[in-house]
Structure formats: C-alpha cells, structure tokens
Amino acid sequence: MASTVSSAARSSIVIASTLTRRSQFLHHHGYTRSSVSLLSHAMSSASSSSPVSSLSDVESLRRSRILSSKLYFDVPPSKVPLIYSSSYDIAFLGMENLRKQIQRNETDASQYCQDSVPQTIQNSIEATCDTHTEPIHLNLPISESSQFESSMSDLDKPIAHRKAEIAWSCHKRHPFDSSKWGRVCRFLILDGVLEKNRIVEPLEATENDLLVVNSESYLNSLKSSLNVSIIVEIPPVALLPNCLVQKKILYPFRKQVGGTILAAKLAKERGWAINVGGGFHHCCAQKGGGFCAYADISLCIHYSFTLLNISRVMIIDLDAHQGNGHEQDFSNDRRVYILDMYNPGIYPFDHEARRSIDQKVEVVSGTTTDDYLAKLDEALQVAEHTFDPELVVYNAGTDVLDGDPLGRLKISPEGVTSRDEKVFRFARERNIPLVMLTSGGYMKSSARVIADSIMNLSKKRLIDMEGSSGKI
Ligand SMILES: [Zn+2]
C-alpha cells in the first residue's frame, strides 16, 4: 500500500524535524501552579487591548463566560437525570474495523501491517497527503510511551515507513469500544429500566464554555490533527484532515463535556445525575492526553461554583488511572477535595500532580476485588471525616475490570457494581448531590458492566429511574 502514496505527496509533507522535541516534551510536562496557569490562560484569552493583570480579573473573566453559557437549561420533570446523546459515540471512518483487527491479532504484532488499515482511512490519509502544503510543526505535548516517542522522533522518514509504524503502534495501543456510551443506554432500554424519551440530551460545549478552564493556546493546538492524534493515542488520526477530526472526534467529546457540566445542575435539583460519557480526567487547562481532550471535570466544578452556589466539591476518582488533569487544575484550590484510587504502575506517572491529591490510595497491578473494596471502604470513611462537600463528582472508570489491558487490575464485574453502590450510598445517605461520569474502560464488556451497575443502583433505590425528584 505504501506505493500508492505519490512521491509528490511525500515531498509536500515538511516536518519541522529540527525542533528540539525533547526540550518541548519537558516544557509541556513541566506543570505550572494553578494560579499561574489561570493567569496565563486569561492573558492569552483576553484581547490585546484589555490586558489582564490580576487573579481577580481572571475570575471575573471566567464568571462572565459562565454567565453567558447556554449549557445549563431547564430539564422537565418527565426526564430522568441520565444524560446521553447519540453523538457521543465516535466514528473513526472505519476505525471500528481497525479496532476489530487489533483485537483479533492481539498476540501477534507482526501480523498487523499497514495493509490492515481500512480502505476508508487509507483514502483519507492519501487525500490529506495530496493536499498538504503546510509544514507540520511539532509544537506538542507528547505521549508517555517510549514506543510512540520513538516513532514520533522519526517523523522525517518517508511516509511509507511512517504508515507502517503508525499501524503497528496502533495495534499495540488502542483496543477500544468506541460505541460504549450508546451501548450502555441500549442495554438499559432493552432491560426495561430506561425509556429512550426520558434521556436528557446535552448541548455541545462551545469555545466560550471551554475557555472557562482550557487555555486559548491549548484549544488552538487541537486544530492540528497530529496533536489530536497524540491526545487520543490513535496515530492514523494525524493524517486525517482536521475538519474530519473535529467532526468525528472533537465534536462528540464537546457534547460529552456539555453533559458533564449539565450533570451538576441536575444533581443539585434531583440528588444525582449520571453522564453516560465524560470523565476526561487527564486533561487540564493547558494540555490533554490519555484520550482526554477537554477538562470536563474542572469545567463542571467551576460552573457549579458560579451557578449553583456550591463552594466545596469532592472528586472521587476511581478510574484505574491517576486523575492528573483535575489534580493539576485544583492544585492550590482548597474548595476541592480529591480522593484518587489508582494504579501507580500505569500512565500517567504524574508525580507532580500526585502532590495535589488529598487522599491518595494506590492499588498495584493485580489487585483483586476484595482488597480493592476494603481499601475503598477505608478511604470513604477517611473522606467522610475530613471534608464536608456540597457536591460529589464520581469518576467511575471501568478500566479497573479484570482483563482490561490498560488498567491492569483484577476487579470482577460484581466488584464494579459494589464499588458504585458504595459511592452512591456515601453521597445519597448524606444528601450530597452526586455526579457520576463513566470515564475510562473500553473493553467490549465495559458497557454491559456499567448498565448492570446502574440497574443495581435503581434496584437498591439509590437512584430513581422513574423520573420523580427527591432525595432518600
Ligand atoms: Zn483510565
């Protein structure tokens, strides 16, 4: 397939390979403290005619953005506080086929070659190559993977070689179910727990909404498909036209962000809300990573501060990975208490952000269900006696499941159900509004496990799927 790429196309891709990638990598991973990043964010967001010079200006700019947002809207009582849109589900122009190919060949990397890239992707790659006249600048945050770093450092190789490496890299990295969110809802509907017309559809977060947390320079960086490909860890995305990347990847993410933000309003009104999506806990104001392009958790919390009269929020992050995005964003903010239970032996290895965790619970690779749940019980008890939140944001990643290649823990499906029940009990029995986000976990079995857990919450009357409001 390499021969189908013209030499003209190859020569039209000029890679700024002389850039000092290593120093850029370090620069992008060198975290600034929260207040400093807020200030620089506001300065980059403000017009040059109105320079921002103090943190109070930052806060007033943030406040005015929130007040002009349309993401909070009135939801009729006939709806249940379960948020989802069919546009959450991501279609990668045949990437689903690529994913199946990846799963089939999981044990033999050598079987996977560029010929496995679906024709639709190859066509897009070639169309992109043919129209590329601009240099690609590598002004990037970079993947944690040394394998991917080495392929990135070889970007000045001929396109044919790069295609082969990209394909191999993809094989190794992303076996995921890109329609997980929709399948959760389908299971709930099929099992008679949820009626389709009672689901709440959120609005898309606009640029004005995203700027409440994410910096303008970061949002601009998403106009490069290469940057997005690194954030979502799917290398072939680098070769797609950015308009396609916006439509097929970033738009679904922005809808999910709208869902996370709206969830806090619904939780305040109804006691709980579940966004069947969101939980992008690796993205902070200045950078994305680990399949997280927007800082939805930080956004949700800032909206609740401004619009819901909330001043103390507890994040309970039980995704298998450390939630370094929100940790970075709230590093100096005592209004937010962070309980993070994560595997320290996997991505993101963010030691700087770990300092911002109020209660750190490390669960090593191979941890089994009983040990995991015992640690959670203990952690919730400590949290209860340490902080008095007015809102709980629960990041309920299912990559803790046994068999998940990224999480490397051994939690059974029943263990996930019990875990979710414990967190819901913690918040609901204390009348603390609770937002749940589904976050990571993209095995084919994840959707079924999430749906079963939601059904259990309903059965135990920790949530009311009939649509009536009220607290227990
Ligand atoms: Zn995760």
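Residues numbered from 1 in each chain as written. Predicted model: local features only at pLDDT ≥ 70, side-chain atom pairs only at ≥ 80, totals over all residues.

Attention now moves to the overall build of the chain. The secondary structure content of the chain amounts to 19 helices and seven strands. Sequence separation of at least 24 residues holds for 76% of the intrachain contacts in the chain that already meet a minimum separation of 6. (Helix = DSSP H or I, 4+ residues; strand = E, 2+ residues; numbered from the N terminus. Contact = placed C-beta atoms within 7 Å.)

On to helix H18 (residues 413–428), then. Here H18 spans 22 Å end to end across 16 residues, near enough to the 22 Å set by a 1.5 Å rise per residue. For H18, the complete set of buried residues consists of Gly415, Val416, Arg419, Asp420, Val423, Phe424, Phe426, Ala427 and Arg428. Against strand E2 (272–275), strand E3 (313–317), helix H17 (369–386), strand E6 (391–395), strand E7 (434–437) and helix H19 (446–459) lie the buried residues of H18. (Expected span 1.5 Å × (residues − 1). Buried ≥ 20, exposed ≤ 12 C-beta atoms within 10 Å, placed from the backbone.)

As a further point, take the sheet that holds strand E1 (residues 82–83). Pairing within the open sheet is parallel, and its seven strands lie in the order E1-E2-E7-E6-E3-E4-E5. Both edges of this open sheet fall to E1 and strand E5 (359–362), since each of them pairs with a single strand only. One ladder, built from four bridges, connects E6 with E7; its direction is parallel. Each bridged residue has a counterpart across the sheet, and for asparagine 395 the counterpart in E7 is leucine 437. Relative to the sheet, helix H14 (residues 296–307) contacts E3, strand E4 (336–342), E6 and E7, its axis offset from that of E6 by approximately 170°. (Pairing = 2+ DSSP bridges. Axes fitted to C-alpha atoms, helices over the stretch in contact; angles between N-to-C directions.)

Moving on: helix H4 (residues 55–67). Helix length check: H4, at 13 residues, gives a terminal C-alpha distance of 18 Å against a target of 18 Å (1.5 Å per residue), a fit within 8%. Of the positions making up H4, those classed as buried are Val58, Leu61, Arg62, Arg65 and Ile66. Taken around the axis of H4, the buried residues stretch over an arc of 135°, which confines them to a single face. For H4, exposure combined with an orientation more than 90 degrees from the buried face picks out Ser56 and Leu67. (Arc of directions from axis to C-beta.)

One way to put it is that H17 packs onto H18 with a least axis distance of 10 Å and a crossing angle of 10°. Classified by the angle their axes make, H17 and H18 are roughly parallel. Two secondary-structure elements touch here, H17 through Thr369, Tyr372, Leu373, Leu376, Asp377 and Leu380 and H18 through Gly415, Ser418, Arg419, Lys422 and Phe426. Residue classes in the contact of H17 with H18 are distributed as five nonpolar, three polar and three charged. (Parallel < 35°, antiparallel > 145°, perpendicular 65-115°, else oblique. Nonpolar A, V, L, I, M, F, W, Y, C, P; charged D, E, K, R; others polar.)

Two quantities define a packed helix pair, namely the angle between the axes and the distance from one axis to the other. Where helix H13 (residues 242–270) contacts H14, the two axes come as close as 8 Å, and the packing angle between them is 35°. H14 is crossed by H13, and the crossing has right-handed handedness. Note on element contacts: H14 touches H13 through Asp296, Ile297, Leu299, Cys300, Tyr303 and Ser304, opposite Gln256, Val257, Thr260, Ile261, Ala263 and Ala264. Looking at side-chain class alone, the contact of H13 with H14 contains eight nonpolar, three polar and one charged residues. (Left-handed = near helix turned anticlockwise from the far one by under 90°.)

We now examine the environment of leucine 373. Within the fold, leucine 373 resides in helix H17. Accessibility expressed as a C-beta count within 10 Å gives 15 for leucine 373, which makes it partly exposed. Filtering out sequence-adjacent residues up to four positions away, leucine 373 remains in contact with Gly415, Ser418 and Arg419.

Moving on, we come to unusual backbone geometry. At the junction of tyrosine 347 and proline 348, the peptide bond is cis and its omega measures out at 10° in the coordinates. Relative to the assigned elements, proline 348 resides in the loop between E4 and helix H16 (351–354). Even without being a glycine, glutamate 233 presents a positive backbone phi close to 60°. Tracing the backbone shows glutamate 233 in the loop between helix H12 (225–232) and H13.

Low pLDDT marks stretches whose predicted atomic positions should not be read closely. The predicted model of the chain averages 79 in pLDDT, with 70% of residues at 70 or higher. Note on residues 1–50: pLDDT under 50 across the span, and 81 contacts to partners over four residues away in sequence or across chains. A low-confidence stretch, residues 96–174 stays under pLDDT 50, and its non-local contacts, those more than four residues away or across chains, total 124 contacts. (pLDDT = per-residue confidence, 0-100.)

Time to look at the nonpolar core. Ala293, Cys300, Val393, Tyr394, Leu434 and Val435 are the most contacted members of the largest nonpolar core, which totals 109 residues. Counting residues per element, this core draws most heavily on H13, at 11 residues. Residue contacts for cysteine 300: discarding those within four places in its chain leaves Thr260, Ile261, Ala263, Ala264, Val393 and Val435. (Core = buried A, V, L, I, M, F, W, Y, C linked by C-beta atoms within 7 Å.)

A separate point is the pairing of E2. Side chains Trp272 and Ile274 project from E2 onto one buried face, and the interleaved Ala273 and Asn275 project onto a second face that is buried too. Alignment of E1 against E2, held across two bridges, turns out to be parallel. Bridged to leucine 82 within E2 is isoleucine 274.

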